[in-house]
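# Coordinate inspection notes
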Amino acid sequence: MKNFEGLETYLNMQGQGLRQALVSDKNNVSLPPYVINELHPFLPNSQTIDWGTAILNIPDIHKSGITGKGVVVAVIDTGIDKTHPGLVGVVTEVHNTTAEPFSSTNGHGIGCAGIIGSRDNDEGILGVAPDCTIIGIKGMRETGGGDLNEIIKGIDLAIAKKVHVINLSLGTTGDVAGFRAAITRATNAGIYVVCSAGNAGQEDSIVYPAKYPNTVAVGATNMSGRISAFSSRGSEIDISAPGEKILTTWKNKSYAKVSGTSFSAPYVSGCFALFIEAQIKMDHEKLQKTAVDIEEPGWDKKSGHGLINPSKLIQTYKGSTPRPTEVPVDLSKVEQAYNLLSDFLKK
């Protein structure tokens, strides 16, 4: 388990092995391998509440008036199309720290942005924090690869923009000093850094920056409420969120169903936007006390503290939001709704 403290203790524990790793690692980073399950040019002329959004009771939180207002989230990724119908008005700035044209994108960043903040506008999908503001920073290439120096520039830009949350759905296997320092600059500025754990599905396979103790490492869950087979395991995992067949915004103003911890991290980033609006100072104890235990009792290497439960966390620490439940919704009903939506989209 980790905490939101700095890296000094971590460095002391790692000793010479860490220093050797710093020497041998290259400055490259990539998107964890993810799956595009389905592509949809458009959605029905009504808003879709995807299963992940439903299972976290997000619509009920919105009804209480908490929608991410006043919170700024930076998405450092492959770039975001701010003209996508689901993102108009939510993505207020776009920047590019790469040598590649900003218009070059593979959809990954657009998908992350949609999960976080797709507008509540009676069409498309409903984001976790539809009234937050997103700053899109292109730090990754269209190929899904990137240079850590360009990611670091993106982090420093986000700090300068005084964002509240940074979403990093990317990873590298090595601990690079400059990357570690950039993450520390962000957390020292009071920014929550939310990261995808990785998609290796094996023990001790969590990637950096999710491995750092001052980040929030997010694993993926499926519609049955269990950890996804592909979700990376390890002692650094903090919390889990929906990450299989997630319907979200995509490139060319389309939509896609996608799978990977890349899309679990934005759920947590969106939840943190709700927590910030609710004036909750986040720490791991709050995640621990409110999460839904989905694997071994207590914290475990698969799911961390379990499935994030924003409804219970806000109710517990704010006191004026929907009543918490041990399991946010009936999982069987969510699966039924998902199957109905899938059948409709195939017509």
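Residues numbered from 1 in each chain as written. Predicted model: local features only at pLDDT ≥ 70, side-chain atom pairs only at ≥ 80, totals over all residues. Heavy atoms only, no water.

## Quick notes on helix α9 (residues 310–317)
As a reminder, the rule being used: Relative accessible area decides the class of each residue, using a 1.4 Å probe on protein chains only: under 20% of the type maximum gives buried, over 50% gives exposed, and in between gives partly exposed. By definition, any uninterrupted DSSP run of H or I lasting at least four residues is a helix, any uninterrupted run of E lasting at least two residues is a strand, and each is numbered from the N terminus. Working note: the arc is built from the helix axis to C-beta atom directions. Pairs of residues are marked as contacts when any of their non-hydrogen atoms sit within 4.5 Å.
Three or more residues of α9 are buried, namely Pro310, Ser311, Leu313 and Ile314. The buried residues of α9 occupy an angular sector of 170° when projected down its axis, which confines them to one face. Packed against the buried residues of α9 are α3 (58–63), α7 (265–277) and α8 (284–290).

## Quick word on the pattern of salt bridges
We apply this condition: Any Lys or Arg side-chain nitrogen located within 4 Å of an Asp or Glu carboxyl oxygen qualifies as a salt bridge.
Enumeration over the complete set of coordinates arrives at twelve salt bridges. Glu93 is the salt-bridge partner of Lys161, the closest N and O atoms lying 2.9 Å from each other. Of the two residues, Lys161 sits in the loop between α5 (148–160) and β7 (165–168) while Glu93 sits in strand β4 (residues 91–96), which places them 68 residues apart along the sequence. By relative accessible area, which is 25% here, Glu93 ends up partly exposed. For Asp156, the salt bridge goes to Arg185, with nearest N and O atoms at 3.0 Å. In this pair, Asp156 is assigned in helix α5 and Arg185 in helix α6 (residues 177–188), connecting sequence segments 29 residues apart. The exposure class of Arg185 is partly exposed, given its relative accessible area of 36%.

## A few points about unusual backbone geometry
Look at the link from Tyr208 to Pro209: it is a cis peptide, with omega at 10°. For Pro209, the location among the structural elements is in the loop between β8 (192–196) and β9 (216–221). Positive phi, normally seen in glycine, also occurs at Asn57, with a value near 60°. For Asn57, the position within the fold is in the loop between α2 (51–55) and α3. Overall, Asn57 belongs to the buried group, its relative accessible area being 10%.

## Concerning the confidence of the model for the protein chain
To keep things clear, this is the line we draw: Confidence of the predictor at the level of single residues is captured by pLDDT, which takes values from 0 to 100.
Scored by pLDDT, the protein chain comes out at a mean of 87, with 83% of its residues at no less than 70. Counting interchain partners and residues more than four positions distant, the pLDDT-below-50 stretch residues 4–25 has 31 contacts. The low-confidence segment residues 320–329 (pLDDT under 50) makes 30 contacts with residues lying over four places distant or belonging to another chain.

## Considering the nonpolar core
Formally: To define a nonpolar core, start from buried Ala, Val, Leu, Ile, Met, Phe, Trp, Tyr and Cys residues and group those joined through side-chain atoms within 4.5 Å.
The biggest cluster of nonpolar side chains holds 54 residues, and the ones touching the most others in it are Ile134, Val268, Phe275 and Ile308. Considering each element in turn, this core owes the most residues, eight residues, to α7. Not counting chain neighbours up to four residues away, the residues in contact with Val268 comprise Val194, Val216, Val218, Ile239, Ala241 and Ile308. By size, the runner-up hydrophobic cluster in this structure holds 32 residues, among which are Ile76, Ile191, Ala197 and Ile237.

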